[in-house]
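# Notes for the structure review
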Amino acid sequence: MKITNDIVYIGVNDHKVDLFEGQYKVPNGMAYNSYLILDEQIAVMDTVDKNFTHEWLDNLDKALAGRKPDYLIVQHMEPDHSANIANFMKNYPEATIVSSAKAFAMMKNFFGTDFEDRAIVIAEGNQLPLGKHVLHFVAAPMVHWPEVMVTYDSTDKVLFSADGFGKFGALDVTEDWADEARRYYIGIVGKYGAQVQALLKKAATLEIEKICPLHGPVLTENLGYYLNLYNTWSSYAVESEGIVVAYTSVYGNTRKAVETFADKLRAKGCPKVVVHDLARCDMSKAVEDAFRYGRIVLATTTYNSDIFPFMREYIEHLTARAFQSRTVGFIENGSWAPQAIKVMKGLLEGCKNLNYCENNVKITSALNETSSSQLEALAEELCKDYLAQKDETANKNDLSALFNIGYGLYVVTSNDGKKDNGLIVNTISQVTNTPNRVAVCINKQNYSHHVIQQTGIMNVNVLSVEAPFSVFESFGFRSGRNTDKFADCTPLRSDNGLVFLPKYINSFMSLKVEQYVDLDTHGMFICSVTEARVLSNKETMTYTYYQNNVKPKPKTEGKKGYVCKICGYVYEGDELPEDFICPLCKHPASDFEPIS
């Protein structure tokens, strides 16, 4: 299979494996990918699993067409990719291995030699010219082993991404990429979100047209889709709206409660309810869903003064993968001394940014009137925003939304007649309550100022502390004049026809402009409230909280250069070009400051 005119696929499919890494079910097998770059000098990109030595060497020999390889690039030392290094070197004794120092140390562990007389040690920023192709090496430590390097071919604009962007499944099987890539990522790489984020920032500076992973298909189209998913997974953000209910049940009473509870969630507008019986399901799929959705309910029995073993195993899988930034509810069952909630909370103690539901459910053997009402209360709490989002169930005159206004951060949405728009603002206040009036200040240079002057209406979305940095990237770093900020989502609309955000807000207000005050650089819109909805009781995002907990801290230690004041991107160099544009937030050089 040709990837480009000079790059050939020489990998193999494995349909004999039943458990990948000894634990993940792979009904559609696995692909072990290897690539050949044909130039004045020839480079082989990684080897394959030990069970496919001869098939791989045959593929390599056929693709070489009588030529000899000059280099073996070893990006990753897991045995499914490195097992044939020694066999390769026996067959091609004049070739040189190119890899990181840590990888060579691992080779000595695996093979008893580090091939010292035929080795080139590479590090971040090193290059290897092959002729017209130049390979650029990028360190990717702990994605997901410490020795990992990824390789960028600047000629064909191909990123060889090691285990990044891989998936379960052989290449001769057609299946949805995201489902098996998500399960693969969460199961294998999930703990190392910070390291993946660091690699994505490096990748953002490269012009990439194709991604060649060590598992799964070569990605050639709509790369933004795959990059966005990886950004979501590695930042532990919510990918899909819905609620996961994971349970264990001994005699069926907890299962019956869960089934009743799931029905309540659906009735209250939850867009997706996913139920996992942990004793019977594929555990990796249950783990995957805990990271995919933003809300999870754990339901189990007290068992030997602890919790049922499958639930303990499940929670340990979550904590081992840095489970965080989710809403968690609990249902416990116990005939004489229920304490499952206490145990489950204890197991989750080290997880970051978990929001525990106020309402818990305690079942004593079987559902009764008290525990049934607790189920109702928990369902109501979890679905409050879903109920408020739908016209037929929303309280459209809930003026307690005004109480959520503070010195916070908000997304103001508008529409110019062609497309929806939104921007981040931090100057909104209630100015009167009889009648209710709200003042909104917007910089005149913002496109939204122009649109609202023309239309006289807007929506103010009150951001909650759950809002990730991607919200601020979307609405704060780009202009709505030349960007459709809602192009990739199906928006929800209030009665005035404008968009309101489906998540990351605790309330919104629809405003009608009654008066305009010119404040030189800014304009103040004094507005009446035409609609107000409260979607949750989550704390309002303040500017201080954003600075301390959401905005990424630039990694400037030991570096010389300039840092972007908007997004924290670091430019290393003595002089910042006047025409430099930040590759992350697209702001100009004037928004950079010297690293002190």
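Summary of the structure given here. (Residues numbered from 1 in each chain as written. Predicted model: local features only at pLDDT ≥ 70, side-chain atom pairs only at ≥ 80, totals over all residues. Heavy atoms only, no water.)

## Focus on the nonpolar core
Within soluble globular proteins, side chains that are nonpolar generally end up buried alongside one another. The condition is simple: Grouping buried Ala, Val, Leu, Ile, Met, Phe, Trp, Tyr and Cys residues that are joined through side-chain atoms within 4.5 Å yields what is termed a nonpolar core. Here's how the labels work: a residue is buried when its accessible area is under 20% of the maximum for its type, exposed when over 50%, partly exposed in between, all with a 1.4 Å probe on protein chains only. Labels follow the DSSP assignment, with helices taken as runs of H or I lasting at least four residues and strands as runs of E lasting at least two, numbered in each case from the N terminus.
In terms of nonpolar packing, the biggest core is built from 93 residues, with Leu36, Leu298, Tyr314 and Phe323 touching the most fellow members. With 8 residues, helix α5 (residues 177-189) is the single largest residue contributor to this core. Within the second largest apolar cluster, 33 residues are counted, among which are Val411, Phe500, Tyr571 and Ala589.

## Examining the pairing of strand β31 (residues 522-534)
Defined as follows: Pairing between strands is defined by DSSP: at least two bridges between the two strands are required.
Burial runs high along β31: 10 of the 13 residues are buried. Here strand β26 (residues 436-443) runs beside β31; their pairing, made up of 7 bridges, is antiparallel. Paired with Val438 across the two strands is Cys527, which belongs to β31. As paired elements, strand β30 (residues 505-519) and β31 share 12 bridges and run antiparallel to each other. The residue bridging Met509 from the neighbouring strand is Ala532, located in β31. Linking β30 back to β31 in an antiparallel pair, the connection comprises 2 residues, with Asp520 at a positive phi of about 70 degrees.

## Remarks on empty space enclosed by the protein
Going by this rule: In this analysis a 1.4 Å probe is tested at points of a 1 Å grid over the protein atoms alone, and where it fits but cannot get out there is a cavity; an open set with protein on both sides within 12 Å along at least five of seven lines is a pocket; lining residues have an atom within 4 Å of a point. Grid points are joined across faces, edges and corners, and a volume is the space filled by probe spheres set on the points. Here the term charged refers only to Asp, Glu, Lys and Arg, the term nonpolar to Ala, Val, Leu, Ile, Met, Phe, Trp, Tyr, Cys and Pro, and the term polar to all other amino acids, Gly among them.
Inspection of the entire model under this criterion finds 3 cavities of 30 Å³ or more. What the largest cavity holds in volume is close to 90 Å³. Taken together, Val143, Leu159, Ser161, Gly164, Phe165, Val196, Leu199, Leu200, Ala203 and Tyr230 make up the lining of the largest cavity. A per-element tally of the lining of the largest cavity places helix α6 (residues 193-203) first, with 4 residues. Here the residues of the lining of the largest cavity are counted per class, giving 8 nonpolar, 2 polar and no charged.

## Remarks on the layout of surface pockets
What the second largest pocket holds in volume is close to 990 Å³. In terms of lining, the second largest pocket is formed by 36 residues, of which the most central are Leu423, Ile424, Asn446, Gly476 and His587. Those elements that place two or more of their residues in the lining of the second largest pocket are β24 (420-425), β26, α14 (447-455), α15 (469-476) and α16 (543-550). Split into classes, the residues belonging to the lining of the second largest pocket amount to 14 nonpolar, 15 polar and 7 charged.

## Observations concerning the packing of aromatic side chains
Note the following rule: Centre distance within 6.5 Å is the pairing criterion for rings of Phe, Tyr and Trp, where only the six-membered ring of Trp is used; planes under 30 degrees apart are then read as stacked, over 60 as edge-to-face, and the remainder as tilted.
Going through the model one piece at a time under the given rule, you end up with 30 aromatic pairs. Taking 6.3 Å as the distance between ring centres and 45 degrees as the angle between the ring planes, the aromatic pair formed by Trp56 and Phe88 counts as tilted. Of this pair, Trp56 sits in helix α1 (residues 53-64) while Phe88 is found in helix α3 (residues 85-91), placing the two residues 32 residues apart along the sequence. Seen in terms of ring centroids, Tyr543 and Tyr546 are 6.4 Å apart; in terms of plane orientation they differ by 40 degrees. Their pairing is tilted. Of the two residues, Tyr543 and Tyr546 are both situated in helix α16; the distance of 3 residues between them amounts to about one turn of the helix. Ring-pair connections join several aromatic residues into one group, and the members of that group are Phe165, Trp177, Tyr185, Tyr225, Tyr226, Tyr230 and Trp233.

## Topic: the sheet that holds strand β9 (residues 96-100)
For clarity, the cut-off: Here an axis means a line fitted to C-alpha atoms, over the contact stretch when the element is a helix, while the angle between two N-to-C directions is reported on a 0 to 180 degree scale. Here, residues are in contact when the closest pair of their heavy atoms is within 4.5 Å.
Sheet architecture is open: 6 strands sit in the order β1-β6-β7-β8-β9-β10, paired in mixed fashion. Edge strands, defined here as strands with exactly one partner in the open sheet, are β1 (7-9) and β10 (119-122). In this sheet, neighbouring strand axes are inclined to one another by 20 degrees on average, regardless of whether the strands run parallel or antiparallel. Strand contacts of α1: β1, β6 (35-37) and β7 (43-45), with the helix running at about 25 degrees to β6, the strand carrying the most contacts. Sheet contacts for helix α4 (residues 101-111): β9 and β10; angle to β9, the most-contacted strand, approximately 115 degrees.

## Points about helix α7 (residues 223-234)
In an α-helix, one turn spans 3.6 residues; hence positions three or four apart end up facing the same way. How we decide: By this rule the span expected of a helix is its residue count minus one, scaled by 1.5 Å.
Along its 12 residues, α7 runs 16 Å from first to last C-alpha, staying within 8% of the 16 Å computed at 1.5 Å per residue. Listing the buried residues of α7 in full gives Leu223, Tyr226, Leu229, Tyr230, Thr232, Trp233 and Ser234. Next to the buried residues of α7 lie α5, α6 and β15 (210-212).

## Focus: a nonpolar patch on the surface
The following threshold applies: A residue counts toward a patch only above 30% relative accessible area and without a salt bridge, and it is joined to like-charged neighbours within 9 Å or, for Val, Leu, Ile, Met, Phe, Trp and Tyr, to nonpolar neighbours within 5 Å. Surface accessibility in these figures is a Shrake-Rupley result with a 1.4 Å probe; residues are shielded only by whichever protein chains are displayed. Here, a salt bridge means any Lys or Arg side-chain nitrogen found within 4 Å of an Asp or Glu carboxyl oxygen.
On the surface, Val250, Tyr251 and Tyr303 cluster together into a nonpolar patch covering about 360 Å² of accessible area. Tracing the backbone through its elements, the reader meets Tyr251 in the loop between β16 (240-247) and α8 (253-267). Residue classification places Tyr251 among the exposed positions, given a relative accessible area of 78%.

## Things to note about the side chain of Asp163
As a reminder of what qualifies: Charge convention: Lys and Arg are scored as positive, Asp and Glu as negative, and His as well as the terminal groups of each chain are ignored. Whenever a nitrogen or oxygen atom comes within 3.5 Å of another N or O atom, the pair is scored as a polar contact, on the condition that within protein one atom can donate a hydrogen and the other can accept it, and that pairs from neighbouring residues in sequence are kept only if both atoms are in side chains.
Mapped onto the elements of the fold, Asp163 is located in the loop between β14 (158-160) and α5. Nearest to the buried, unbridged Asp163 among oppositely charged side chains is Lys167, at 13 Å. Reaching out from Asp163, the side chain makes a polar contact with the side chain of Tyr184 at a distance of 3.3 Å. Contacts of Asp163, omitting those with residues within four sequence positions, involve His76, Glu78, His81, His144, Tyr184, Leu214, His215 and Tyr230.

These figures come from the coordinates and say nothing about function on their own.
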